[in-house]
Amino acid sequence: MSHDGVGLRAVMRSAAFLTAGVLAVPLLSACSADDEADRPAAAQDIAPASRDQVADGGTLRWAVDAVPETLNAFQADADAATSRVAGAVLPSMYRLDANGRPQINPDYLESAKVVGTEPKQVVLYKLNQQAVWSDGREIGAADFAAQWRALSGKDSAYWTARNAGYDRIEKIERGKNDLEVRVTFARPYADWKSLFSPLYPKSVMGTADSFNDGARRKLKVSAGPFAVKKVDVKDGQVQLTRNPRWWGSPTKLSEIDLVAVARDKRAAALAADELDMAEIDPADAERITAARGRSGPLKDASATGTPSAGATPGKGDKSEKAEKGDSGGKSGKSEDAEDDGKRRSEESSDGSDADEKDTTGTKAGKAKAKAAEQQAALSAFVVRKSLEPAYTQLALNGSEGPLADERVRRAVARALDRKELAKVVLKPLGLPAEPVGSHLALIGQAAYSDNSGALGGQDTAEARALLADAGWVPGGPVTEQKKTEKAAGSKGKKADTDDSPGDDGTYIVGEDNKPSEAERDLRKDPKDHTGAHERTSAQSGIQADEQQAGKQYAKQGGAQGAYAPKGTAAPAGAASGALAKDGKPLTLRFVLPSGQGSESLRAVADRIARMLQRIGIRTDISKVSDASYFKDHIASGQYDLALYSWPGSAYPATDARPIYSKPVPGADGSLSVEQNYTRVGTDQVDQLFDQALSTLDEGEERSLVRKADARIWAAAGSIPLYQRPQLTAVRTGLANAGAFGFQTPVYEDMGFLKKGAHPVASPSKTG
């Protein structure tokens, strides 16, 4: 399971992360203050270029975590690679723009609107008359109806992941002609734009057998700019080739190969000319930036300067052929990119001959020479960066122990300096270090509003007062506990660990005055690359950290994690004595995954532990194996504190409800928590979600979502911290690709620049 986490339905559907095509947005011209407030915290960085600047031909080799287990995005084992394939080869009625807002996809729709509300809500879709499946059949009502029946939840023979929205449909029928589809809802559904993205052909959705097994390793019929050529599990790649029946703007690339490469192997794969684009960790981003002769934070990593503020290339004329990209090499890299790489390689080798003569006869010398060669090869790449449409949160398990008391949860929240925690992760990367102010949307999205005031900001005195009101007092009598007995936190399990015998994977923050491992890591010279590239730093802590919860929507792949080491020193000004109640000290079990390369996550966890210690709360930090982190701890409730993340959805009333709805006791006494792994919920939040889902007034829906978010803040079950960084290594000369931010790729526009061509200038942020 990936600690990148678990996507909501929006992730699989049309684009919460990287995977579906998006609507082209015109260059920004004039901007108002309101426009500025509505923009993402960081613009996408994709080196935008007009289509006539991009060569025809070439193969893009794009890293994924693993070959997808299924190509059916509505199955439980679908992952990020599934979504990436779906975005390139299947229709989506709506796609997300650069602000994370749904827009009509004109390649498939001429229009879609609510044409009736009484007695039932009716939506009329008018399809693009050119839209056809790859077998020549028109896309039509039969495909919509088949997908509705498969995902309605009425037939258990279909092994579906979830049916939100489809379960509200009453019927689907043909309109006045074959290009019209009428969808009638049994109950009003505000998020109707979320449906049919992606849309599968009726040959996949028509029967339970074809749904369950017909689209796992092949997709015979598709309707996107690309089509699935081959899924090769043995060689670890999915080949996508041009769809000859595609009616939209012709694809610039001849082929896209999705290549399975573990995150810690990507720098080597890039240097070995096995990849053209890959999401990477900050340690590798630093190496690439250094290889290009730059130093310091990743503030100037992009080859094109200021990132694009959501602009995409215009739909220009088809450019001349560039068969060079299809011969002699796998990628269609531009000649400028090749010349640039050669020049930097030569510069990197200047003055190194003498050193090599002295050392090549030794193992260390050979390793040094190999590292130098790899470093030189990385100069052919540039780092493009933005913020991923997902946020990291501190989860507080409210099902038992001290955190079952809302006052204690609120005290934990009031102890945190969220701005400082955001800076730990984002400032070294040159990204905006703004704490996230909403559980249900991110900056730039329509529903976003900073509702953290419902809980209150960092206030040590108020936090201590809340604990005192809950009965936790300093210096109280503490009953001596047996070695195997836990303190007042969750019962938990013994940590799964890879440590040496005698180490149970846990420690109490503040037991001695040794510096933490996170501090030692952060003090290391970032220019020391002899071993740095074998560590994954901030992003792996982030990517790794952020167990985006919900296995049925999990992105599969290598999960990294982190733990705070033994010996973390107590912070200056810490409370003089631990708090106690009923003979037990106030100690919370902080569970983290223990995967390799997680300096950033360790740093965040250490900072949180120190902030809590200042108000008298001790943290019992447990590192657990990546494999057990979610299943045995988060999902099962065996933790007090944990770090994982959720994506920001364009449809929060639908997608966020399972995450924050109040757990329901089952007949056997167990709790049905859906995806609410903090086990904290209220009837008011549920009612607000229900009301938001049932209104067809978009303004009212946003207002209700914001009210629900304020209630979620007040309950203090989870504390949003920061938006996750997105760092992508891209071969120089590759245009319209990189760190996409909210907006998902326009697959047909991606390609390698012609010789002498350059990306267009980025639009002004100030208008």
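As shown above, the structure is provided for reference.
Keep in mind that this is a model prediction, so the values were computed, not measured.

Parameters at a glance
Residues numbered from 1 in each chain as written. Predicted model: local features only at pLDDT ≥ 70, side-chain atom pairs only at ≥ 80, totals over all residues. Heavy atoms only, no water. Helix = DSSP H or I, 4+ residues; strand = E, 2+ residues; numbered from the N terminus. Contact = heavy atoms within 4.5 Å. Areas by Shrake-Rupley, 256 points an atom, 1.4 Å probe, with all protein chains shown as cover. Buried < 20%, exposed > 50% of the residue type's maximum accessible area, 1.4 Å probe, protein only. Arc of directions from axis to C-beta. Polar contact = N/O pair within 3.5 Å; in protein donor to acceptor, adjacent residues only side chain to side chain. Axes fitted to C-alpha atoms, helices over the stretch in contact; angles between N-to-C directions. Parallel < 35°, antiparallel > 145°, perpendicular 65-115°, else oblique. Left-handed = near helix turned anticlockwise from the far one by under 90°. Nonpolar A, V, L, I, M, F, W, Y, C, P; charged D, E, K, R; others polar. Phe/Tyr/Trp six-rings, centres within 6.5 Å; stacked < 30°, edge-to-face > 60°. Lys NZ or Arg CZ within 6 Å of the ring centre and 35° of its normal. Pairing = 2+ DSSP bridges. Patch = residues over 30% accessible without salt bridge, like charges linked within 9 Å, V, L, I, M, F, W, Y side chains within 5 Å. Salt bridge = Lys/Arg side-chain N within 4 Å of Asp/Glu carboxyl O. Lys, Arg positive; Asp, Glu negative; His and termini not counted. Charge placed at Lys NZ, Arg CZ, Asp CG, Glu CD.

Undergrad: How would you explain the overall build of the chain if you had to name every residue and give the values?
TA: Secondary structure assignment for the chain yields 23 helices and 24 strands. In the chain, once contacts between residues fewer than 6 apart in sequence are set aside, the share between residues at least 24 apart is 79%. With the model as given, the accessible surface of the chain reaches about 29100 Å², and the carbon-plus-sulfur share is 47%.

Undergrad: Break down helix H13 (residues 418-426) for me, with residues and values.
TA: Among the residues of H13, Arg-418, Leu-421, Ala-422, Val-424, Val-425 and Leu-426 are the ones counted as buried. The arc that holds the buried residues of H13, viewed along the axis, is 165°, so those residues lie on one side. Capping of H13 at its N-terminal end is provided by Asp-417; its side-chain oxygen lies 3.3 Å from the backbone amide nitrogen of Lys-419.

Undergrad: Account for the packing of helix H22 (residues 683-694) against helix H23 (residues 698-715), naming residues and giving values.
TA: Running from N to C, H22 and H23 cross one another at 165°; their axes reach a closest spacing of 9 Å. The orientation of H22 with respect to H23, classified from their angle, is roughly antiparallel. Seen from above, H22 lies across H23 with left-handed handedness. Facing H22, whose interface residues are Gln-684, Val-685, Leu-688, Phe-689, Gln-691 and Ala-692, H23 presents Glu-701, Leu-704, Val-705, Lys-707, Ala-708, Arg-711 and Ile-712. In terms of residue class, the contact of H22 with H23 is built from 8 nonpolar, 2 polar and 3 charged.

Undergrad: How would you explain the packing of aromatic side chains if you had to name every residue and give the values?
TA: Applying the stated rule across the entire model yields 17 aromatic pairs. A ring pair is formed by Trp-62 and Phe-740, whose centres lie 6.1 Å apart and whose planes are at 40°; its orientation type is tilted. Placement of Trp-62 in strand E1 (residues 59-64) and of Phe-740 in the loop between strand E23 (734-735) and strand E24 (751-752) is noted, with a sequence separation of 678 residues between them. Each ring, one from Tyr-94 and one from Trp-192, has its centre 6.0 Å from the other, and the planes form 85°; the classification is edge-to-face. Of this pair, Tyr-94 sits in strand E2 (residues 94-96) while Trp-192 sits in the loop between strand E7 (180-185) and helix H5 (202-205), and the two are 98 residues apart along the sequence. Trp-192 shares its class with Tyr-94; the two are buried. Looking at Arg-84, its charged tip hangs above the ring of Trp-62, at a distance of 4.0 Å from the centre.

Undergrad: Hey, could you go over the sheet that holds strand E16 (residues 584-585) for me, with residue numbers and the actual values?
TA: Within the open sheet, the 3 strands sit side by side as E13-E15-E16. Their pairing is antiparallel. With one partner strand each, in any of the chains shown, strand E13 (473-474) and E16 form the two edges of the open sheet. Sheet topology note: the strand E15 (residues 579-581)/E16 ladder contains 2 bridges and is antiparallel. Across the sheet, Ala-580 pairs through a bridge with Pro-585, a residue of E16.

Undergrad: Break down the pairing of strand E18 (residues 618-624) for me, citing the residues and quoting the values.
TA: Across the 7 residues of E18, 6 count as buried, placing the element largely inside the fold. Pairing analysis gives 7 bridges linking strand E17 (residues 587-593) to E18, with the strands arranged parallel. Bridge pairing in E18 places Pro-593 opposite Val-624.

Undergrad: Describe in detail a positive patch on the surface, supporting the description with residues and values.
TA: Where like charges cluster on the molecular surface, the positive patch consists of Lys-113, Lys-126, Lys-176 and Arg-182. Its place among the elements puts Lys-126 in strand E5 (residues 122-127). In this structure Lys-126 comes out as partly exposed when scored by relative accessible area, which is 33%.

Undergrad: Give a description of the side chain of Thr-251 that names residues and reports values.
TA: Its location among the elements puts Thr-251 in the loop between strand E9 (237-242) and strand E10 (255-260). What makes Thr-251 buried here is its relative accessible area of 6%. A polar contact is formed between the side chain of Thr-251 and the backbone oxygen of Leu-253, at a distance of 3.2 Å. The contact partners of Thr-251, leaving out residues within four places of it in the chain, are Pro-225, Phe-226, Arg-242 and Glu-748.

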